[in-house]
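Architecture at a glance
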Amino acid sequence: MPSFIYETHMHTCQASACGKSPGKDYIQKYIDAGFSGIMITDHFFRGNCKIDRHLPWRQRIELFCRGYEDALEAGYKLNFPVFFGWEEYYEGDEYLIYGVDKQWMLEHPEMEHWNRAEQYRQVHAAGGCVVQAHPFRERDYIQTVHLSTRCVDAVEGVNSANSPDANALAVRYAKMLGLPITGGSDNHCADTMQFDRLSGVVFETPLHTVHDYVQAIRERASFKIHYAAENITHYENAVIHLPVQIHGENDCIIQGDIKHFLRSGEF
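Let me sum up the structure you'll find in this document. (Residues numbered from 1 in each chain as written. Predicted model: local features only at pLDDT ≥ 70, side-chain atom pairs only at ≥ 80, totals over all residues. Heavy atoms only, no water.)

1. Describing helix 5 (residues 116-125)
Buried within helix 5 are the following residues: Arg116, Ala117, Gln119, Tyr120 and Val123. Around the axis of helix 5, the buried residues are gathered within 160° of arc, so they sit on the same side. Summarising the contacts, the buried residues of helix 5 are in contact with strand 3 (82-89), strand 4 (94-98), helix 4 (102-106), strand 5 (129-133), strand 6 (145-148) and strand 11 (244-247). Its side-chain oxygen at 3.1 Å from the backbone nitrogen of alanine 117, asparagine 115 defines the N-terminal cap of helix 5. Just downstream of helix 5, glycine 127 is the residue with a positive phi angle, here 90°. (Buried < 20%, exposed > 50% of the residue type's maximum accessible area, 1.4 Å probe, protein only. Helix = DSSP H or I, 4+ residues; strand = E, 2+ residues; numbered from the N terminus. Arc of directions from axis to C-beta. Contact = heavy atoms within 4.5 Å. Polar contact = N/O pair within 3.5 Å; in protein donor to acceptor, adjacent residues only side chain to side chain.)

2. Some points on unusual backbone geometry
For residues that are not glycine, phi is negative in most cases, and the peptide bond is trans in most cases. Located in the positive-phi region is asparagine 79, a residue other than glycine, with phi close to 55°. Along the chain, asparagine 79 falls in the loop between helix 3 (66-77) and strand 3. Asparagine 79 gets classed as exposed once you look at its relative accessible area, which sits at 73%. The phi angle at arginine 220 is positive, at roughly 55°, despite the residue not being glycine. With relative accessibility at 52%, the residue arginine 220 sits in the exposed group.

3. Quick notes on the environment of leucine 242
In this structure, leucine 242 sits in the loop between strand 10 (224-226) and strand 11. It is 6.4 Å that separates the C-alpha atoms of leucine 242 and valine 145, two residues lying 97 residues apart in sequence. Setting aside residues up to four positions removed in sequence, leucine 242 forms contacts with Arg137, Glu138, Ile142, Gln143 and Val145.

4. Structural notes on the side chain of glutamate 94
Assignment of secondary structure puts glutamate 94 in strand 4. Buried charge without a partner: glutamate 94 forms no salt bridge, and the closest opposite charge is arginine 137, 4.8 Å away. At a separation of 3.4 Å, a polar atom in the side chain of glutamate 94 contacts the side chain of histidine 43. Once you skip the residues sitting within four places of it in the chain, glutamate 94 turns out to touch His43, Glu87, Glu88, Tyr89, Val131, Gln132, Ala133, His134 and Tyr141. (Lys, Arg positive; Asp, Glu negative; His and termini not counted. Salt bridge = Lys/Arg side-chain N within 4 Å of Asp/Glu carboxyl O.)

5. As for the pairing of strand 4
It is a general feature of regular strands that their side chains alternate between the two faces of the sheet. Of all 5 residues making up strand 4, 5 are buried, and the element is well covered by its neighbours. Burial of the side chains of strand 4 extends over both faces: Glu94, Leu96 and Tyr98 are buried on one face and Tyr95 and Ile97 on the other. One ladder, built from 5 bridges, connects strand 3 with strand 4; its direction is antiparallel. Note that in strand 4 the partner of glutamate 87 across the bridge is leucine 96. Hairpin connection between strand 3 and strand 4: a loop of 4 residues separates the two successive antiparallel strands, and glycine 92 in this loop has a positive phi of roughly 100°. The sheet contact formed by strand 4 and strand 5 spans 5 bridges and is antiparallel. Along strand 5, the bridge assignment pairs isoleucine 97 with valine 130. (Pairing = 2+ DSSP bridges.)

6. Focus: the state of the cysteines
Evaluated as defined, the whole model comprises 0 disulfides. The structure places no disulfide on cysteine 189, whose sulfur is separated from the nearest cysteine sulfur, that of cysteine 13, by 9.2 Å. A relative accessible area of 11% places cysteine 189 in the buried class. We note that cysteine 252 lacks a disulfide partner, and the nearest cysteine sulfur, in cysteine 151, lies 8.6 Å from it. (Disulfide = S-S within 2.5 Å.)

7. Regarding the packing of aromatic side chains
Following the criterion strictly, the structure yields 20 aromatic pairs and no others. Their ring planes at 70° and their centres at 6.4 Å tell us that tyrosine 6 and phenylalanine 203 sit as a pair that is edge-to-face. Here phenylalanine 203 lies in strand 9 (residues 200-203) and tyrosine 6 lies in strand 1 (residues 4-7), a separation of 197 residues in the sequence. A relative accessible area of 1% places tyrosine 6 in the buried class. Put simply, the rings of Phe44, Phe45, Trp57, Phe64, Tyr68, Phe84, Trp86, Trp104 and Trp114 pair up and form one aromatic cluster. If you follow arginine 60 out to its NZ or CZ, it ends over the ring of phenylalanine 45, 4.7 Å from the centre. (Phe/Tyr/Trp six-rings, centres within 6.5 Å; stacked < 30°, edge-to-face > 60°. Lys NZ or Arg CZ within 6 Å of the ring centre and 35° of its normal.)

Right under this line is the structure:
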């Protein structure tokens, strides 16, 4: 049976301050790696975004979408699908948004001030979905792990830029919540990324639009994760070093010990 692999998490230098390559430079690389499509998810304005926050909203959105549009044009010439998304930032925790477009963003300038719960409600109302990215990531800019248990549709279980421990914890966490598990490379560069270590999602039939992906997540359809074995360790060997806050309904903080929650599944 044929397999169709899609990248779900990547950045361009047009919108992400940490991006190293323009969108168009990824297309042939992913074709050569055997992928069937990609999803551009540049950092939005609260995160590591390249766009000047002082510009008018319309101008900011136009500039923000250039990386995606650049990739879309290049992909069209090679019959390679390119889908739109973005990555939103809160307190070290980040979320991948799919299923809403530039016009919707232009009509919602208040979106950069939404909390996790409002983001979830508004994106859902517009027919999109929210995926918590690399939930157990440890970096010097992250002081606390924030787990959003009720304002997400899925969890990114395997992220190529994450440690094997963090990925193992993320997969375990998603299973505890009963949520779909996604994979993504968090690719920032077309030239230096190890293309044998890319992560993604695998479907038995092709995705024709990003809404096919959104529907699969929201309806919890069957799909698999594409990843290299070295990207994940066994859960029992994984360690949490940072303090954890668990967010429940309406983004409220649930008091409790994360080890107890992971052990019991009582989210």
